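Spelled out from the first residue to the last, the chains are:
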Amino acid sequence: MQLDPVTLEILGNKLGALTEEMCLTLQRTSRSLYVKETADFCCALAGTDGTFVAYPKGIGVSGFVGLDCRTAIERVGPLQEGDVIITNDPYHSGGLATHLTDIQLIEPYFHDGEIIGYGWAFIHCSDIGGRVPSSLSPLNTEIYQEGLQIPPVKLLRAGELSQDVEAILSANTRTPDANMGDIRAMLAALRTGRQRLAGVVNQHGVKDVLTAQTDLLDYTASKARAALARLGEGTYRFVDYLDDDGVSRLPVRISITATLREGTLLLDFEGTDPQVAAAFNIASFGKTHAWLTTRVLALIGTLDDTIPLNAGLLEPIDVAAPAGSVVNAIRPAAVGIRHATASRVNDTLSGALGLAAPTVVPAASSGLVVPVVVAERRSGGENVQVLEPMVGGTGARHGADGVDGRDSGISNLANNPVETVETEIGVEILRYGLRRDSGGAGQWRGGCGLELTFRILGQDARLLARGLERMCFRPWGMRAGGPGAPAELLLNAGTAEERRLDKIDVLPLRAGDVVTLRTSGAGGYGDPFLRDPAAVLRDVSRGVVSVEAAARDYGVVVGSVDDEAGDTLVVDEDATARTRDQRGDRGGSSDGGEGSGSGREVGPERAAWDSVFETPLVDRLVHVLFDLPSEQRSTRRSAVYAAVLADLPPEFPRVAGTPDQVRAAQERLLAEIDALVT
């Protein structure tokens, strides 16, 4: 480092504060509910190389610190003062944009005619055109269906807004006023960043500010290496699955082999499925992309909570992601629901790194982010709004329960106030709260999921719920901790018209229809029968664990006594001792197959799947698929699985196969792999 530590600390804090002020400006001046309330946006300061040197800690989306503006900047060409770049195209921005509804702006910051950095801002817009309202659907098969693609172009030239670009933007969205309102809020945020950076330069000089850009990254990188060096060296592998690819009932496999050595980490995604003909693909370009490394950055921050947020966090990390895989997709693959795959990447990373640091890394989180969208037609046009960004809880870890109803695994989106939701869209919120008995049982309990129930008030409404996941494969527990409850989506629950839904595209709704979404709970950690009975009693008193589940899952019998305060819940110590004695030693755990990792309680669905699709067999299948031309992989994969699943129950893996069916299915799988080779 060239700067002395005190100066570097001062400059680091000033630049970080600058980014937070940019975020506050954006949020306060934004138009759409999803930006001003949910906070699906962020701002940052990039250095002259286009990577982030300062990033906000307390506001905005937390996981994008690893994004890179370089490709977008290079594609536009020479820049002058007052220029602002706009893009939303993942493939033409080098992965800076991660799906089309994320609009990115970049402004070069000048001093004496030279660029000394770049301001960056993004927002998730309400709609960018495409096949469905809100633009995003799991069933989109190529990016052309997902809306307007904006390659990096100049939105402003020398401070003047391009009327042509604005006209194209407005003509290709269902929500032009909201979009342009949010874009103007981003421009205000970039102006704030420019002014504040000029103030820092006036105080410290341009030389120190430019030097700090390099020194801050080097400082963060050294601390990141030191944090990773605290983990056990070695090579660790874990496999997890998305429930399906949206267009079939075939799960999508994520495989990560993590190699830790001398403070560095290699993440190898070999064994991950080919890109799918649905919207779950990630355009990572095989780099240390944000969606492939978010959980690692969170782990580093856990090991060292003093580490600054900037691109230096990624310096000790390398990624190997096969081109044409679901985590390194090739254009024109659809990418709209990439966050579902990123959530599963996070859980797979937890599984692999948990083998290296079992007392630090938590069990699986709820593993989903579901923006619940209602679109309704009004006299002035179409109103498209996100009611709530539904998540679940965080996984339990050694010594601590998971967090109920909140998971910042890939973002730290806020929930929307009920009053605001009911003002913005024609719905009535009937219930929004924690989902009882959803967190995985354990010595430390997994975080509970959420339940949202709302009634449709208008006559012509449509529901979209992108990112629905963990409806089949449950969030796994660790060290005999139980899995979380699977997610559920219900229409008119408890009535004669009740429908249980899987993933949906666009669901038409009538006035009076009631929608209920229950998100998955997170995995537990440790033997539930070792949980402190007082902790179980607290859970029952809070309403997150039922009396029945306390006895069934924890062996804790809860009763009540009539006292001056009324009926008071208490632990029946004698009955609890008898119940726990009858269950005996519960220290063993099922690992759900080789691919799921040792000591994981994965749930019956994953255990059933692994009984047929064993890790070595699927490794071989994926290897053979990648030997085929990229355009053949998806269809050939589907054909193999269809042939194998024909020998199993129609509801497999929710219904396990008999031993004879499992043997027949494995034999068919081997035959199908051999046929691909020949």
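Okay, so let's go over this structure. (Residues numbered from 1 in each chain as written. Predicted model: local features only at pLDDT ≥ 70, side-chain atom pairs only at ≥ 80, totals over all residues. Heavy atoms only, no water.)

**Brief notes about the packing of aromatic side chains**
The way to describe two aromatic rings as a pair is by their centre distance and the angle between their planes. All told, the structure shown has 15 aromatic pairs when counted by the stated rule. With a centroid separation of 6.3 Å and 75° between ring planes, the pair formed by F473 and W609 is classed as edge-to-face. With F473 in the loop between strand 16 (461-465) and strand 17 (477-478) and W609 in helix 13 (residues 604-612), this pair connects stretches of sequence that are 136 residues apart. As far as burial versus exposure is concerned, F473 and W609 are alike and both buried. Through a chain of ring-to-ring contacts, three or more aromatic side chains come together here, namely F52, Y55, F64, W120, F122 and W291. Stacked on the ring of F529, the Lys or Arg R580 has its end atom at 5.8 Å from the ring centre. (Phe/Tyr/Trp six-rings, centres within 6.5 Å; stacked < 30°, edge-to-face > 60°. Helix = DSSP H or I, 4+ residues; strand = E, 2+ residues; numbered from the N terminus. Buried < 20%, exposed > 50% of the residue type's maximum accessible area, 1.4 Å probe, protein only. Lys NZ or Arg CZ within 6 Å of the ring centre and 35° of its normal.)

**Some thoughts on the pattern of salt bridges**
Charged atoms that come close allow side chains of opposite charge to pair. Per the stated rule, a full pass over the model turns up 45 salt bridges. Between R455 and E428 there is a salt bridge, with its nearest N and O atoms 2.9 Å apart. Placement of R455 in strand 15 (residues 450-456) and of E428 in strand 14 (residues 427-434) is noted, with a sequence separation of 27 residues between them. Judged by its relative accessible area of 32%, E428 is partly exposed. The residue E488 makes a salt bridge to R435 at a minimum N-O spacing of 3.7 Å. Of the two residues, E488 sits in strand 18 (residues 488-491) while R435 sits in the loop between strand 14 and strand 15, which places them 53 residues apart along the sequence. (Salt bridge = Lys/Arg side-chain N within 4 Å of Asp/Glu carboxyl O.)

**Considering unusual backbone geometry**
Following R331, the chain continues into P332 via a peptide bond in cis, with omega recorded as 15°. Of note, P332 is situated in the loop between strand 11 (317-320) and helix 8 (338-356). Across the junction of F652 and P653, the peptide omega takes the value 5°, indicating a cis bond. As for its position among the elements, P653 is in the loop between helix 15 (630-645) and helix 16 (659-677). Look at A39: it is not a glycine, yet its phi comes out positive at around 70°. Locating A39 in the fold gives a position in the loop between helix 2 (33-36) and strand 1 (41-46). With a phi close to 55°, R479 is a non-glycine residue in the positive phi region. Mapped onto the fold, R479 is located in the loop between strand 17 and strand 18.

**Some details on the sheet that holds strand 10 (residues 264-268)**
One open sheet holds the four strands; their spatial order is 8-9-10-11, and the pairing between them is mixed. In this open sheet, the two edge strands, each paired with only one partner strand, are strand 8 (234-242) and strand 11. Here the average twist between neighbouring strands, direction ignored, is 20°. Looking at chain direction, strand 8 and strand 9 (residues 252-261) are connected through nine bridges and run antiparallel. Bridge assignment links G234 to a residue of strand 9, and that residue is L260. The strands touched by helix 8 within the sheet are strand 8, strand 9 and strand 10, with strand 8 carrying the most contacts at an inclination of about 145°. (Pairing = 2+ DSSP bridges. Axes fitted to C-alpha atoms, helices over the stretch in contact; angles between N-to-C directions. Contact = heavy atoms within 4.5 Å.)

**Observations concerning the sheet that holds strand 1**
Reading across from one edge, 2-1-5-4-3-6-7 is the order of the seven strands in this open sheet, with antiparallel pairing throughout. Each having just a single partner strand, strand 2 (52-54) and strand 7 (160-161) make up the two edges of the open sheet. In this sheet, strand 5 (residues 114-124) lies alongside strand 4 (residues 102-111) in antiparallel orientation, the contact comprising ten bridges. In the sheet register, E107 faces strand 5, and the bridge partner there is G119. Sitting on the sheet, helix 4 (residues 163-171) is in contact with strand 3 (84-87), strand 6 (153-157) and strand 7, with an inclination near 125° to strand 6. Seen against the sheet, helix 5 (residues 176-204) touches strand 1, strand 3, strand 4, strand 5, strand 6 and strand 7 and runs at an angle of roughly 25° to strand 4.

**Concerning helix 4**
Those residues of helix 4 lying buried are V165, E166 and L169. Projection of helix 4 onto a plane perpendicular to its axis shows the buried side chains occupying an angular sector of 100°, all on one side. Residues of helix 4 that are exposed and angled more than 90 degrees away from the buried face: Q163, D164 and A171. Buried residues along helix 4 sit in contact with strand 3, strand 6, strand 7 and helix 5. (Arc of directions from axis to C-beta.)

**A few points about empty space enclosed by the protein**
The gaps of empty space that remain are located by a probe, the size of a water molecule, rolled over the atoms. With the rule as written, the count across this model stands at four cavities of 30 Å³ or more. Roughly 180 Å³ of volume is contained in the largest cavity. Together, 17 residues line the largest cavity, and Y34, D40, R338, H339 and L413 are the ones closest to its centre. Residue assignment for the lining of the largest cavity shows that the elements contributing at least two residues are strand 5 and helix 8. (1 Å grid on protein atoms, 1.4 Å probe; cavity = no way out; pocket = protein on both sides within 12 Å on 5 of 7 lines; lining within 4 Å. Points joined across faces, edges and corners; volume = space filled by probe spheres on them.)

**Observations concerning the layout of surface pockets**
Put simply, the largest pocket is a space of about 980 Å³. L297, A298, L299, T302 and S408 are the residues nearest the centre of the largest pocket, which is lined by 39 residues in total. Looking at the lining of the largest pocket, the elements with two or more residues in it are helix 7 (290-303) and helix 8. The leading source of residues in the lining of the largest pocket is helix 7, at seven residues. For the lining of the largest pocket, the class distribution of residues is 17 nonpolar, 14 polar and eight charged. (Nonpolar A, V, L, I, M, F, W, Y, C, P; charged D, E, K, R; others polar.)

**Thoughts on the pairing of strand 3**
Side chains V84 and I86 of strand 3 all project onto a buried face; the interleaved residues I85 and T87 project onto the opposite face, where all are buried too. Alignment of strand 3 against strand 6, held across three bridges, turns out to be antiparallel. Bridging across to strand 6, V84 finds its partner in L156. Strand direction decides the pairing type here: strand 3 and strand 4, joined by three bridges, are antiparallel. Within the sheet, the bridge partner assigned to I86 lies in strand 4 and is L105.

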